[in-house]
Structure formats: structure tokens, C-alpha cells
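So the chains spell out like this:
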Amino acid sequence: MASDLCIGLIGGSGLGEGLAANERGTPLFVETPFGKPSGPVIETSWAGLRVLVLQRHGPGHVYPPSRVPYRANIFALKQLGCTHVLASGAVGSLRDEFRPQDLVIPSQIIDRTTRRENTFFEKAAVHVEMAEPFCSVLRKLLIEA
């Protein structure tokens, strides 16, 4: 793998707290044009790969879904050199074959989060394409793994 590869892991309540509790990394406190991220970014490594861990809802689950500073979170990871983001989430499904605790790598989503900015570009005449919301290369690697 390339030495400049850096994975950002954004975890929900359970995964975020579990990852943060088990990491012996360095906490990084970042300011962004979108404010502070939901908590410190923990810099660590795994198998020689640089990894940045961030708890989506913040330490102690202080941000409900509509208040998560997602733009600050993504901007902070990018600012710190993150090249790819893997984010977990406890979500529902419209398909009966997916049961609680199943691991799913989605190709599409229905975003029901409300009362927040929907884009980084709210002050520009930019249309954000959501036909393929996930990186097809990264999805393929995850499915193969």
C-alpha cells in the first residue's frame, strides 16, 4: 500500500466508544471552517497504516444525529491527511433478510437526517450527485475482504 494512504474511521456510539477505548493513539484537537469536530481525532496505526479514529456522536454521545458536526468531522480528517473514510452506523433496513448486528456494505442510502446543512456547498451553485454515494473501488475492496 502507498505510504500516503490514511484511513479515517468514524464510529457510531458503540463502535466509536469501543475504538476510542482500545486505541493508544495520540488525540489531535482540530479547528475547521465548520467549527470543531465531534471530538478529538485519535491518531494511531494498524499494520503500519496510519489510522484516524473519530467518534461521530462525540465522547459520551453528546450529539444527536441532527446535531453531529459532520462537515467539521470530514474536514478535520481531510485536513489531517485522511485519504479514505470508513464510517459505521446502526441503521434500519427495508429488507427483512438484514437482521440486527449484520454487517452490510451499502451501495445506496436514504438519508433521513434532518435540520442540518445538506452539503459543504450551501453558498455555491453546486449540485451534489448522490446516484453513487460511495466509492466503488473502496466498496469492492471491503466486499472482497
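One can find the structure itself at the top, above this paragraph.
The structure displayed is predicted, hence computed values, not measured ones. (Residues numbered from 1 in each chain as written. Predicted model: local features only at pLDDT ≥ 70, side-chain atom pairs only at ≥ 80, totals over all residues. Heavy atoms only, no water.)

Structural notes on the overall build of the protein
- If you tally the helices and strands in the protein, you get three helices and five strands.
- The linear arrangement of helices and strands in the protein, starting from the amino end, is β-α-β-β-β-α-β-α.
- For a compact globule of 145 residues, the expected C-alpha radius of gyration is about 15 Å, and the protein comes in at 16 Å, within 12% of that figure.
- Among the 145 residues that make up the protein, the fraction classed as buried is 27%.
- Split by element, the accessible area of the protein, about 10,500 Å² in all, is 56% carbon and sulfur.
- Charge centroids of the protein, computed over 15 positive and 14 negative side chains, lie 4 Å from each other. (Helix = DSSP H or I, 4+ residues; strand = E, 2+ residues; numbered from the N terminus. Rg over C-alpha atoms; globule rule 2.2 N^0.38 Å. Buried < 20%, exposed > 50% of the residue type's maximum accessible area, 1.4 Å probe, protein only. Areas by Shrake-Rupley, 256 points an atom, 1.4 Å probe, with all protein chains shown as cover. Lys, Arg positive; Asp, Glu negative; His and termini not counted. Charge placed at Lys NZ, Arg CZ, Asp CG, Glu CD.)

Describing the pattern of salt bridges
- The full count for this structure, using the stated rule, is three salt bridges.
- Residue Glu 43 is joined to Arg 50 by a salt bridge in which the shortest nitrogen-to-oxygen separation is 2.6 Å.
- Classification of Arg 50 by relative accessible area gives partly exposed; the value is 28%. (Salt bridge = Lys/Arg side-chain N within 4 Å of Asp/Glu carboxyl O.)

Thoughts on the pairing of strand 1 (residues 6–11)
- Extensive coverage of strand 1 is indicated by the burial of five of its six residues.
- Sheet topology places strand 1 next to strand 5 (residues 84–87); four bridges connect them, and they run parallel. Within strand 5, the position partnered with Leu 9 by the bridge is Leu 86. (Pairing = 2+ DSSP bridges.)

As for the nonpolar core
- In terms of nonpolar packing, the biggest core is built from eight residues, these being Cys 6, Ile 10, Leu 28, Val 41, Leu 52, Leu 54, Leu 77 and Cys 82.
- Within the residue set of this core, elements represented by two or more residues are strand 1 and strand 4 (49–55).
- For Ile 10, the residues in contact, after removing those within four places along its chain, are Leu 54, Arg 56, Ile 74, Leu 77, Val 85, Leu 86, Ala 87 and Ser 88. (Core = buried A, V, L, I, M, F, W, Y, C linked by side-chain atoms within 4.5 Å. Contact = heavy atoms within 4.5 Å.)

Some thoughts on the packing of aromatic side chains
- One pass over the full model with this rule turns up four aromatic pairs.
- Feature note: the residues Phe 34, Tyr 70, Phe 75, Phe 120 and Phe 121 constitute an aromatic cluster, connected by ring pairs.
- Above the ring of Tyr 70, the side-chain terminus of Arg 116 is found at 4.3 Å from the ring centroid. (Phe/Tyr/Trp six-rings, centres within 6.5 Å; stacked < 30°, edge-to-face > 60°. Lys NZ or Arg CZ within 6 Å of the ring centre and 35° of its normal.)

Remarks on a nonpolar patch on the surface
- A surface patch of nonpolar side chains, about 790 Å² in accessible area, is lined by Ile 74, Phe 75, Val 85, Ile 109, Phe 120, Phe 121, Val 126, Val 128, Met 130 and Phe 134.
- Tracing the chain through its elements places Phe 75 in helix 2 (residues 70–79). (Patch = residues over 30% accessible without salt bridge, like charges linked within 9 Å, V, L, I, M, F, W, Y side chains within 5 Å.)

With respect to the sheet that holds strand 1
- Spatial ordering of the open sheet is given by 2-3-4-1-5, a layout of five strands whose pairing is mixed. Looking at which strands have only one partner, the edges of the open sheet turn out to be strand 2 (26–28) and strand 5. Averaged over all pairs of adjacent strands, the angle between their axes in this sheet comes to 30 degrees, without regard to strand direction.
- The strands that helix 2 touches are strand 1, strand 3 (41–46), strand 4 and strand 5; relative to strand 1, the one it contacts most, it runs at about 160 degrees. (Axes fitted to C-alpha atoms, helices over the stretch in contact; angles between N-to-C directions.)

With respect to the state of the cysteines
- This structure, assessed with the given rule, holds zero disulfides.
- This cysteine, Cys 135, is not joined by any disulfide, and Cys 82 carries the nearest cysteine sulfur, 12 Å off. (Disulfide = S-S within 2.5 Å.)

Let's talk about helix 2
- Turning to helix 2, its buried residues number three or more, namely Tyr 70, Arg 71, Ala 72, Asn 73, Ala 76 and Leu 77.
- Its buried side turned inward, helix 2 meets strand 1, strand 3, strand 4 and strand 5.
- A positive phi of about 100 degrees marks Gly 81, the residue just after helix 2.

Geometric descriptors of this kind do not, in isolation, establish any biological role.
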